[in-house]
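This is what each chain is made of:
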Amino acid sequence: MSEPSLLIDNLHVTVEGREILRGVNLTVPRGETHALMGPNGSGKSTLAYTLMGHPKYKVTAGKVLWKGQSLLDLTPDQRAKSGLFLAFQYPVTVPGVSMVNFLRQSLRAVRGKEVAVRDFRKDLKSAMDVLKMDNQFVTRYLNDGFSGGEKKRAEMLQMAMLKPEMAILDETDSGLDIDALRIVSEGVNSLAGPELGVLIITHYQRILNYIKPQHVHVLYRGRVIVSGGPELVGRLENEGYDNIIKEFGPADDDAPQAAA
Amino acid sequence: MAFTRETVEQVSAQRSEPSWLREARLQAWEAFERIPMPDSQRDEDWRRTDISQLDLAAFARTRNGANAPELSGPETLPKGVVFNSLERAVRDCPDLVREHLEPAAGKFMALNAALWSGGAFVYVPPDVTVELPLQATYGAESAATSSAAPALFPRTLIVVDRGGSLTFVDHFGADSAAVASTLSSAHTHIVVRDGARLQYVSLQERDERTWHFSTERAVIGRDARVDVVIAALGGGLSKSYVETVLAGPGTEANIVGLVLTDGRQHVDHQTLQEHRAPHTTSNLLLKSAVKGHSQSIFAGLVRMPKEAQQSDAFQEARALLLSEHAKADAIPKLEIIANDVRCTHAGAIGQVDEEQKFYLMSRGIPEREAERLIVTGFFEPALERIPVEAIRESTRRALAARLGTIHHG
Ligand SMILES: Nc1ncnc2c1ncn2[C@@H]1O[C@H](COP(=O)(O)OP(=O)(O)OP(=O)(O)O)[C@@H](O)[C@H]1O
Ligand SMILES: [Mg+2]
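Counting from 1, residues in each chain are numbered in the order their sequence is written. The naming scheme follows written order: chains are lettered A onward, ligands numbered 1 onward. Reporting in this predicted model follows two pLDDT cut-offs: at least 70 for local features of residues, and 80 or more for side-chain atom pairs to be given and counted; totals over whole chains, interfaces and linings ignore these cut-offs and use all residues. By convention in this description, side-chain values take in all heavy atoms of the structure and omit both hydrogens and water.

Trainee: Can you help me understand the sheet that holds strand β5 (residues 69-70) of chain A in this one?
Mentor: All names here are of chain A. The four strands are arranged β2-β1-β4-β5 in an open sheet whose pairing can be described as antiparallel. Of all the strands in the sheet, the pair left with one neighbour each is β2 (18-29) and β5. Pairs of strands are assigned from DSSP output, requiring at least two bridges between the strands. Secondary structure elements follow DSSP: runs of H or I of four or more residues count as helices, runs of E of two or more count as strands, with numbering from the N terminus. Where strand β4 (residues 57-66) lies against β5, two bridges are found, and the strand directions are antiparallel. Bridge pairing in β5 places Trp66 opposite Gln69. Against the sheet, helix α1 (residues 44-52) makes contact with β1 (4-15), β2 and β4, and its axis sits at roughly 110 degrees relative to β1, the strand it touches most. Whether two residues are in contact is decided by their heavy atoms: any pair within 4.5 Å suffices. Fitted lines through C-alpha atoms serve as axes, helices being fitted only where they are in contact, and the angles separating the N-to-C directions of these axes extend from 0 to 180 degrees.

Printed below as a string of structure tokens:
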């Protein structure tokens, strides 16, 4: 149970020539739930995009092992096929492509085989029931004109359909109202189990009351400065980042000033 | 010269045509001789389409074959509907044909008017609705009739009488067995009388060695509505005039253009939205996705003379460049004299959005598939403007098929 599923070792990443990740070390064992927190601009989404293979994010040093294999040589679609999933902080709109067509194509690609229409409909219906989504949702264009909360739910719908082994949830809780947060969390929990690993990126404790992490990591200026148990969340919520940074942050402030 | 006055006389004599038609052909022939070959240096219309490599002398008229389209539609048509070859219509209902014979404008239209045979003709009587689509499929000649390359002259005449309703498809097909480059010069003339409705489609899937010239012109009466779909997926070089004349008050014309090309294809659409009456509305949307070294040119003219008060004209041209060397050009042109009208145009040329592509790929969809989905999505708003479902679906299928071949190479 404790074999590392995702192992990030000394990862350095630049975006448009600027170094954003400056030696990230992080391990998520199979089936565990970890939280990744950190101030705005610390590089959380950069890490998420890098793990999914966004072409703009260039790895300049370090490695990432996923189920024992190097992840970084794979294209984004291969990563998805290998069981990795990223719920985007800002899901992308694709006009003219209906949710349902997209989902079918995605599912076919990930499974590597045709999906029977009846099974697809059944799975879709039950996933939408869990997430309390309206039927008309899937006939709409992908994220086009969706509200912030609807986009996040749509991300969860995709996750529920694709059944990944490791899900990175980048601020899935932002933009959700209290009811939606509970529904989405229950959705994630219903998928979790010994199989699903979760790396949940968030600023707030509230989602972590539903989805309980075993470990919490704090990212600051491109490095994980501290990893601890769930108690770290409470401390952050009460004290903010200042004390934690003073205690664990770099003594030499060699970081380029992070954007405000 | 492969075509001569004798060729014209022969075509007419072989069909024992009435003298009015013979005269019309000869007049067209004279116009053809008089009009110089379009020159991209000299003719504004042809500035972006260079046909100096086209040698008309290399072509010869095919005997009939490809000029006589395959006509398809439901087995039984409502009483009074005529659906036949144009040649036959000249014999059966000469007055109708004669009334709508247009004087030729332009070099290729004149050549067509002089040399057409076969052709297609539809007449829908007043207040009659033809439910299912009618179609004329103009194939290509598979074997050259002589040492010369084949020349085709498709011609369609559509008349929808008062309050009638029709869906019609002109399909300019390809023949995979085509051995030589082909000249295809087509003309479709559409008359839609007061209160009538027409959904018209021109689906151009010619071989990539074909020179395709066409004029699709609709004259639309009071309170009538016409929906035109122009899909240009084939052809080596094509130049099409797509013209809607809103001749009566309350008229509406919607034009949707779809261009999907690759390789060295060159597609040029020159459109006209001519408002000749008040309270008329025209709406044009042209979407081009171009790959390889292909090119899509769009020049759209909106004309609103002073009779066109309280009319609306819209024009939108969007292009998606799928490769570094593909090109798209949009040139809107307005001639607005009426002072109480609305006229807007919009346009944009872009590339496949990398964020969209990454998003789709992050869901397991391989790069090419992702690109294909994005292109499909790009065309979707245009497809949604097609009111007749059967046409919407067949157009969608044609696009998907073309997209399949494009992404193969
Ligand atoms: N595509 C990009 N182009 C330019 N700069 C980028 C890009 N992506 C990230 N950055 C920069 O990298 C830094 C880290 O951004 P990132 O989005 O990873 O932060 P974050 O920790 O997710 O912040 P937040 O909590 O606000 O979501 C920021 O300074 C940001 O401006
Ligand atoms: Mg972020």
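Alright, that's what it looks like, and here's the rest.
Trainee: Hey, could you run me through the site of ligand 1 in this one?
Mentor: Residue and element names in this part refer to chain A. Being near a molecule or strand, for a residue, comes down to having at least one heavy atom within 4 Å of it. Near ligand 1, the surroundings consist of 18 residues, among which Gly41, Lys44, Ser45, Thr46 and Tyr57 are the closest. The definition of a polar contact used here is a pair of N or O atoms within 3.5 Å, where within protein one atom must be able to donate a hydrogen and the other to accept one, and adjacent residues in sequence count solely through side-chain atom pairs. Residue Ser45 places a main-chain N or O atom 2.9 Å away from an oxygen atom belonging to ligand 1. Thr46 has a polar side-chain atom sitting 2.5 Å from an oxygen atom of ligand 1. Every accessible area reported is derived by Shrake-Rupley at a probe size of 1.4 Å, with residue values counting cover from the shown protein chains alone. Protein chains bury 75% of the 630 Å² of accessible surface belonging to ligand 1 in isolation. Every element with two or more residues in the shell around ligand 1 is listed here: β2 and α1. In terms of residue count, the dominant contributor to the shell around ligand 1 is α1 (three residues). Taken together, the residues that form the shell around ligand 1 break down as five nonpolar, eight polar and five charged. The nonpolar class holds Ala, Val, Leu, Ile, Met, Phe, Trp, Tyr, Cys and Pro. Asp, Glu, Lys and Arg form the charged class, and all remaining residues, Gly among them, are polar.

Trainee: So what exactly am I meant to see when it comes to the packing of aromatic side chains here?
Mentor: How two aromatic rings sit relative to each other is set out by the distance from centre to centre and by the angle between their planes. Here a pair means two rings of Phe, Tyr or Trp (six-membered ring of Trp) with centres within 6.5 Å. Their orientation is stacked below 30 degrees between planes, edge-to-face above 60, and tilted elsewhere. Applying the stated criterion across every chain, the model contains 15 aromatic pairs over all chains. Residues A:Phe102 and B:Tyr359 carry aromatic rings whose centres are separated by 6.4 Å and whose planes lie at 15 degrees to one another, so their mutual orientation is stacked. Of the two residues, A:Phe102 sits in helix α3 (residues 99-111) while B:Tyr359 sits in helix α6 (residues 354-361), which places them in two different chains. Residues A:Phe102 and B:Tyr359 agree in their burial class; the two are buried. Aromatic side chains B:Trp46 and B:Phe213 sit 6.0 Å apart centroid to centroid with 45 degrees between the ring planes, which places their arrangement in the tilted category. Residue B:Trp46 is located in the loop between α2 (19-34) and β1 (59-61), and its partner B:Phe213 is located in strand β11 (residues 210-220); the two are separated by 167 residues in the primary sequence. Each residue is assigned to one of three classes by its accessible area relative to the maximum for its type, calculated with a 1.4 Å probe on protein chains only: buried under 20%, partly exposed between the two thresholds, exposed over 50%. On the basis of relative accessibility, which here comes to 7%, the residue B:Trp46 falls in the buried class. Here the aromatic cluster, defined as three or more aromatic residues joined through ring pairs, consists of A:Tyr49, A:Tyr57, A:Phe88, A:Phe102, B:Phe358 and B:Tyr359. Placement of a charge over a ring requires the Lys NZ or Arg CZ to be within 6 Å of the ring centre, with the centre-to-atom vector within 35 degrees of the ring normal. It is B:Lys107 that lies over the ring of B:Phe32; its NZ or CZ is 4.0 Å from the centre. The positively charged end of B:Lys239 is found above the aromatic ring belonging to B:Trp46, 5.0 Å away from the centroid.

Trainee: Just checking my understanding: could you explain the interface of chain A and chain B for this structure?
Mentor: How big an interface is tends to be expressed through the accessible area that disappears when the partners come together. Taken residue by residue, the interface counts 32 residues in chain A and 17 residues in chain B. Here chain A and chain B share an interface that buries about 2,000 Å² over both sides, 65% of which is from carbon and sulfur atoms. Considering only the side of chain A, the residues that lose the most area to chain B are A:Asp77, A:Val92 and A:Gln105, jointly responsible for 22% of the buried surface there. For this document, the term salt bridge refers to a Lys or Arg side-chain nitrogen within 4 Å of an Asp or Glu carboxyl oxygen. One can count one salt bridge joining chain A with chain B. In this structure, A:Glu155 and B:Arg363 form a salt bridge, with 2.7 Å as the shortest nitrogen-oxygen distance. On inspection of chain A and its partner chain B, the count reaches 12 residue pairs in polar contact (both at pLDDT 80 or more). By buried area we mean the combined loss of accessible area, with a 1.4 Å probe, across both parts when two parts are placed together.

Trainee: Is there a simple way to explain unusual backbone geometry in this structure?
Mentor: If a residue is not glycine, its phi is most likely negative; likewise, a peptide bond is most likely trans. Of note, A:Lys163 is a non-glycine position whose phi angle comes to about 45 degrees, a positive value. Look at B:Asp223: it is not a glycine, yet its phi comes out positive at around 55 degrees. By the element assignment, B:Asp223 lies in the loop between β11 and β12 (225-232).

Trainee: Sorry if this is basic, but what is going on with the confidence of the model for chain B here?
Mentor: Low pLDDT marks regions whose predicted coordinates should not be analysed in detail. Of all residues in chain B, 95% attain a pLDDT of 70 or more, and the chain-wide mean is 93. Scoring of the predicted complex yields 0.92 for pTM and 0.95 for ipTM. pLDDT expresses how confident the predictor is about each individual residue, on a scale running from 0 to 100.

Trainee: Explanation requested: the coordination of the magnesium ion (ligand 2) in the structure shown.
Mentor: When a metal carries six donors in an octahedron, the ideal angles between them are 90 or 180 degrees, while four donors in a tetrahedron ideally lie at 109.5 degrees. Coordination shells were defined by N, O and S atoms within 2.8 Å of each metal, extended to 3.2 Å for Na, K and Ca; water is absent from the atom set, which can make sites look incomplete. Taken together, the protein donors to the magnesium ion (ligand 2) comprise A:Ser45 (OG) and A:Gln89 (OE1), at separations of 2.0 to 2.1 Å. Of this pair, A:Ser45 sits in helix α1 while A:Gln89 sits in the loop between β6 (84-87) and β7 (94-98), placing them 44 residues apart in sequence.

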